Amino acid sequence: MEKIIILDFGSQTTQLIGRRLRDLSEYCEIVPYNKFPEDTSDIKGVILSGSPFSVYDPTAFKADLSNIRGKFPVLGICYGAQYIAYTSGGNVEAAGSREYGRANLDFIDNTDPLFKDINPGSQIWMSHGDSITKIPAGFRKIASTADVELAAYKIENEPTWAVQFHPEVYHTLDGIQLLENFLNICGAARNWSPASFVESTVAELKAQLGNDKVVLGLSGGVDSSVAAVLLNKAIGENLTCIFVDHGLLRKNEFENVMKDYEHLGLNVIGVNAKDYFYKMLDGVTDPEKKRKIIGSGFIDVFDAEAKKIDGVKWLAQGTIYPDIIESLSITGTVIKSHHNVGGLPDKMKLKLCEPLRLLFKDEVRKVGTELGMMHHLIKRQPFPGPGLAVRILGAITPEKVRILQEADDIFINGLRDWNLYDKVWQAGVILLPVQSVGVMGDERTYENAVALRAVTSIDAMTADWAHLPYEFLAKMSNEIINKVKGVNRVVYDISSKPPATIEWE
């Protein structure tokens, strides 16, 4: 399949470049800045991302572009633009003040194909502390702003373009048009779709797996469910799914999900391991330790069940792109560990199969729709692998799980009843490690506080708090306090990502 390669220099918006290209029906892959693919037969073009570094910083990420420039159409974005200019003999210097936020292109060379159908005055988004102050000979300016003379350039006699702004962010109003223009420059076919993904992936899975047996760890969420249906379409009865109840699922979730899997025709083994996980988590308060304990415990339980199946050679997981991105960035910074990344293959000595690893969440849902899955399964909101363990701040006990399950059940069902569930990317309740004074009847209470969390997002890389109706929040607060024994205070979290994360732990 033809593709655009995005070289990742560590920008927080690198993934958005990929999202925008997928929105334009073009398949793309994000690879580390120094890992350009050896097989270039299907590559139509290359994009260089932004970066947190300055190009003149000794520790900056540096890539050998000798096998890229002149051979493929290239688009440098922000750091990518500065890197191309700097390594070609241009000047890149620290700006007098950080250039961050909205700006407007007051000059555009409309004869250049990159700016086709984009007019002067178009709003863009700047985010850099450096500026290109001089371009080398053979480089031509094609756009400027009032403060940035060299907002974009083209290299003469070479299919290389660069912009110092970010076309991938929403604040660049013609950013999609610019990226579409670049795809046209590349001669991209733009034939990426859920249907084409299903067709090509099923064929690849059949070739990859043959008659081998595969086990898959189900979580009840959309990612693992879509992966299971996709694999079932490819290999049928050679797939066995294992659904582990670690006692930290939502209220009645284990039973409800098992019924859903029956409708999908999947071969599923359900395992009740609540007591095992509660014992291991006893007294643990550190969130990363919780994640690692649950991940390790899941491996042990899953491994024990998988060993009961003869001849298994593959482990399948519902890993998606954000799991990989957040688990370990190219800068080496771990944001949070994910249950789908690492551990199981080494423990079980199985080969790994991750059919969704290059998809974003909304793309997974589109694939699920293409596969004919039920609406409520496809639209199920993301839920953390460690479950309620990371929504109980502090030590975990069965009683705290009960309180949180009851409060969460009221909130989630309330969202459905008010037709708000599908308008929210992710929602849940957090049990806080504090107690507060309250009054119920004529009695003083000293009980738990919970926080309601609901966010809107497209791909979970960024998120905003959901502006839910006051009447709805008031009703949820009243119901939770009146119906959930142990709670006497409800608050609403109005933090966005960044700087906060969606989950509290």
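Cut-offs and rules
- Residues numbered from 1 in each chain as written.
- Predicted model: local features only at pLDDT ≥ 70, side-chain atom pairs only at ≥ 80, totals over all residues.
- Heavy atoms only, no water.
- Helix = DSSP H or I, 4+ residues; strand = E, 2+ residues; numbered from the N terminus.
- Rg over C-alpha atoms; globule rule 2.2 N^0.38 Å.
- Buried < 20%, exposed > 50% of the residue type's maximum accessible area, 1.4 Å probe, protein only.
- Areas by Shrake-Rupley, 256 points an atom, 1.4 Å probe, with all protein chains shown as cover.
- Phe/Tyr/Trp six-rings, centres within 6.5 Å; stacked < 30°, edge-to-face > 60°.
- Contact = heavy atoms within 4.5 Å.
- 1 Å grid on protein atoms, 1.4 Å probe; cavity = no way out; pocket = protein on both sides within 12 Å on 5 of 7 lines; lining within 4 Å.
- Points joined across faces, edges and corners; volume = space filled by probe spheres on them.
- Nonpolar A, V, L, I, M, F, W, Y, C, P; charged D, E, K, R; others polar.
- Salt bridge = Lys/Arg side-chain N within 4 Å of Asp/Glu carboxyl O.
- Axes fitted to C-alpha atoms, helices over the stretch in contact; angles between N-to-C directions.
- Parallel < 35°, antiparallel > 145°, perpendicular 65-115°, else oblique.
- Left-handed = near helix turned anticlockwise from the far one by under 90°.
- Pairing = 2+ DSSP bridges.
- pLDDT = per-residue confidence, 0-100.
- Right-handed = clockwise from strand over helix to strand, strands pointing away.

Another point: the overall build of the protein. Of the regular secondary structure elements, the protein holds 14 helices and 18 strands. Taking 23 Å as the expected radius of gyration for a compact globule of 505 residues, we find that the protein reaches 25 Å, a close match to that expectation. Dimensions of the protein along its principal axes, counting C-alpha atoms only, are 75 × 65 × 40 Å. Classification of the 505 residues of the protein by burial places 57% in the buried group. Of the roughly 21900 Å² of accessible surface on the protein, 50% is carried by carbon and sulfur atoms.

Taken as a whole and assessed by the stated rule, the structure comprises 17 aromatic pairs. A centroid spacing of 5.3 Å and a plane angle of 45° characterise the contact between F9 and Y79, whose relative ring orientation is tilted. Here the residue F9 occupies a position in the loop between β1 (3-8) and α1 (14-23), and Y79 occupies one in helix α2 (residues 79-87), the gap between them amounting to 70 residues. According to the relative accessible area criterion, F9 is buried, its value standing at 0%. The interplanar angle of 65° and the centroid separation of 5.4 Å between the aromatic rings of W418 and F472 together place this pair among those described as edge-to-face. Note that W418 is positioned in the loop between α13 (398-417) and β15 (426-440) and F472 in helix α14 (residues 470-483), a separation of 54 residues in sequence.

This part covers the environment of V390. Within the secondary structure, V390 sits in the loop between α12 (375-378) and α13. Separated by 142 residues in sequence, V390 and L248 have C-alpha atoms that sit 9.4 Å apart. Other than its neighbours up to four places away in sequence, V390 contacts R291, P384 and E505.

When you tally the buried positions in α2, you get 7 out of 9 residues, the bulk of the element. Turning to α2, its buried residues number three or more, namely Y79, G80, A81, Q82, Y83, I84 and A85. Looking one or two residues beyond α2, the residue adopting positive phi is G89, at roughly 105°.

Our next topic: empty space enclosed by the protein. Taking a probe equal in size to a water molecule and rolling it over the atoms shows the remaining empty space. Tallying each qualifying case throughout the model produces 2 cavities of 30 Å³ or more. Lining of the largest cavity is provided by R391, Q426, A427, G428, I430, R453, I502 and E503. In terms of residue count, β15 provides more of the lining of the largest cavity than any other element does, 4 residues in total. Classifying every residue of the lining of the largest cavity by side-chain character gives 3 nonpolar, 2 polar and 3 charged. Looking at the second largest cavity, its volume works out to about 40 Å³. Along the walls of the second largest cavity sit L105, F115, I118, S122, I124, F165, T172, D174, G175 and L178, which together make up its complete lining.

Here the structure, examined in full by the defined rule, presents 28 salt bridges. Where E158 meets R69, a salt bridge forms, and the shortest distance between an N and an O atom there is 2.7 Å. Taken as a pair, E158 in the loop between β8 (152-155) and β9 (160-163) and R69 in the loop between β3 (43-48) and β4 (74-77) lie far apart in primary sequence, 89 residues in all. Taking relative accessible area as the criterion, R69 reaches 23% and is therefore assigned partly exposed. Salt-bridge contacts for R402 lead to E399; the nearest nitrogen and oxygen are separated by 2.8 Å. Taken as a pair, R402 and E399 lie in helix α13 at a separation of 3 residues, close to a single helical turn. Overall, R402 belongs to the partly exposed group, its relative accessible area being 29%.

Time to look at the packing of α13 against α14. At their nearest, the axes of α13 and α14 sit 9 Å apart, and the two run at 150° to each other. Of the possible angle classes, the one that applies to α13 and α14 is roughly antiparallel. Judged by the sense of rotation from one axis to the other, the crossing of α13 with α14 is right-handed. In this structure, α13 uses A407, I410, F411, G414 and L415 to contact α14, whose residues at the interface are F472, M476, E479, I480 and K483. Its residues assigned to classes, the contact of α13 with α14 shows 7 nonpolar, 1 polar and 2 charged.

Spatially, β12-β11-β10-β13-β14 is the arrangement adopted by the 5 strands of the open sheet, whose pairing is parallel. Edge positions in the sheet fall to β12 (268-272) and β14 (351-353), since each of these pairs with one other strand and no more. Taken over all neighbouring pairs, the strand axes of this sheet differ in orientation by 30° on average, direction set aside. Together, β10 (213-218), β11 (239-245), β13 (312-316) and β14 form the strand contacts of helix α5 (residues 222-235), whose direction differs from that of β10 by roughly 160°.

Attention now goes to the confidence of the model for the protein. In the predicted model, the protein carries a mean pLDDT of 90, and the fraction of residues at 70 or more is 93%. Note that pLDDT drops below 50 for residues 331-339; the model gives that stretch 19 contacts with residues more than four away or on any other chain.

Now for the pairing of β1. Side-chain positions along a regular strand alternate between the two faces of the sheet. Most of β1 sits out of view: 6 of its 6 residues are buried. Here β1 shows two buried faces, one formed by K3, I5 and L7 and the other by I4, I6 and D8. Relative to strand β2 (residues 28-32), β1 runs parallel, the two sharing 5 bridges. Among the inter-strand pairings, L7 is bridged to a residue of β2, identified as V31. Handedness of the crossover is the feature at issue here: the chain leaves β1, passes through α1, returns alongside β2, and the resulting connection is right-handed.

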